[in-house]
Amino acid sequence: MELYELLIKKGEQEGIVKNVVGAIILNEKNQVLIMSRKTDDFMGGIDELPSGNMEQGENIYEALIREVKEETGLNIQNPKLCGVKDWVNSDGSRYIVFLYTCNTFTGDIISSNEGNVSWIKREDFLKLKLSVDMDVLIRVFEDPDITEFYYQKVNEEWNIHLK
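Here's what I pulled together on the structure shown here. (Residues numbered from 1 in each chain as written. Predicted model: local features only at pLDDT ≥ 70, side-chain atom pairs only at ≥ 80, totals over all residues. Heavy atoms only, no water.)

### Regarding the overall build of the protein
In terms of helices and strands, the protein carries three helices and 11 strands. Secondary structure elements in the protein, listed N-terminal to C-terminal, are α-β-β-β-β-α-β-β-β-β-β-α-β-β. Against the globule reference of 15 Å for 163 residues, the protein gives a C-alpha radius of gyration of 16 Å, in line with a compact fold. Principal axes of the C-alpha set define a box for the protein whose edges measure 45 × 40 × 35 Å. When the accessible surface of the protein is split by element, carbon and sulfur atoms take 49% of a total near 9400 Å². Averaging the locations of the 18 positively and 29 negatively charged side chains of the protein gives two centres separated by 2 Å. (Helix = DSSP H or I, 4+ residues; strand = E, 2+ residues; numbered from the N terminus. Rg over C-alpha atoms; globule rule 2.2 N^0.38 Å. Areas by Shrake-Rupley, 256 points an atom, 1.4 Å probe, with all protein chains shown as cover. Lys, Arg positive; Asp, Glu negative; His and termini not counted. Charge placed at Lys NZ, Arg CZ, Asp CG, Glu CD.)

Okay, here's the thing in structure tokens:
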């Protein structure tokens, strides 16, 4: 059995069921790469950073490179892990998103079947229709002293903790 398979099996035994990767990609003009999801797609109509599920047999780094290529057309180099976003579901399973920053890439942006890709000024990013709590999550990408965004459910209400 491969090491990756052993880790997946151990993760499943310990309640880890979902591993996702995501990145904030900045160009030389300090613009952020976003994907505007098609309205008939999962989370349709929102703007988001390139992200997606890890596939069987992939390591985290390879999953990020693949997802960015599939969604944007860019070939990224030297992405840096900057933190995680995670929470425990009511069934005890854990959802983990590995967060990266990147400013080195080749190629031209190309929209995918998931949505339209474009560059936006960093100062305009939080004005978009973004996924829930992106205004807080952006701090993990930009503040080197914050490496975890953790949702904790207390009395049926989700609370955010940054560490």
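### Brief notes about the pairing of strand S11 (residues 157–162)
For strand S10 (residues 148–154) and S11, the ladder comprises six bridges, and the chain directions are antiparallel. Pairing of Tyr151 across the sheet is with Ile160, part of S11. Between the end of S10 and the start of S11, which pair antiparallel, lie two residues, with Asn155 showing a positive phi angle near 50°. (Pairing = 2+ DSSP bridges.)

### A closer look at helix H3 (residues 134–142)
Regarding H3, the residues found buried are Met134, Leu137, Ile138, Val140 and Phe141. An end-on view of H3 places all buried positions within 150° of arc, on one side of the element. (Buried < 20%, exposed > 50% of the residue type's maximum accessible area, 1.4 Å probe, protein only. Arc of directions from axis to C-beta.)

### Regarding the packing of aromatic side chains
For any pair of aromatic rings, the description rests on two quantities: the centre-to-centre distance and the angle between the ring planes. Under the definition given, this model contains five aromatic pairs. Centre to centre, the rings of Trp87 and Tyr95 are 4.2 Å apart; their planes meet at 10°, and the pair counts as stacked. One residue, Lys85, lies across the ring of Phe149, its end atom 5.3 Å from the ring centre. (Phe/Tyr/Trp six-rings, centres within 6.5 Å; stacked < 30°, edge-to-face > 60°. Lys NZ or Arg CZ within 6 Å of the ring centre and 35° of its normal.)

### Quick word on the pattern of salt bridges
For side chains bearing opposite charge, pairing can occur when the charged atoms are close. Considering all chains together, one arrives at 10 salt bridges under this definition. Between Arg66 and Glu55 there is a salt bridge, and its shortest N-O distance comes to 3.4 Å. Placement of the pair is Arg66 in helix H2 (residues 60–72) and Glu55 in the loop between strand S4 (51–53) and H2, with a sequence separation of 11 residues. On the basis of relative accessibility, which here comes to 16%, the residue Arg66 falls in the buried class. Across the pair Lys153 and Glu156 runs a salt bridge, and its minimum N-O distance is 3.5 Å. Given the relative accessible area of 38%, Lys153 is considered partly exposed. A relative accessible area of 69% means that Glu156 is categorised as exposed. What emerges from the salt-bridge pattern is a single network uniting Glu55, Glu58, Arg66, Glu67 and Glu70. (Salt bridge = Lys/Arg side-chain N within 4 Å of Asp/Glu carboxyl O.)

### Section: the environment of Glu71
Tracing the chain through its elements places Glu71 in helix H2. The contact partners of Glu71, leaving out residues within four places of it in the chain, are Met35, Arg37, Pro50, Ser51, Ile110, Ser112, Glu114 and Val117. (Contact = heavy atoms within 4.5 Å.)

### Considering the side chain of Glu58
Looking at where Glu58 falls in the secondary structure, it is placed in the loop between S4 and H2. With a relative accessible area of 9%, Glu58 lands in the buried category.

### A word on the sheet that holds strand S9 (residues 115–121)
In sheet architecture, strand pairing relies on hydrogen bonds along the backbone and comes in two forms, parallel and antiparallel. The strand order across the open sheet built from three strands is S3-S2-S9, with neighbouring strands paired in antiparallel fashion. Sheet topology places strand S3 (47–48) and S9 at the edges, where each strand pairs with a single neighbour. Alignment of strand S2 (residues 31–37) against S3, held across two bridges, turns out to be antiparallel. When the bridges of S3 are listed, Met35 appears paired with Glu48.

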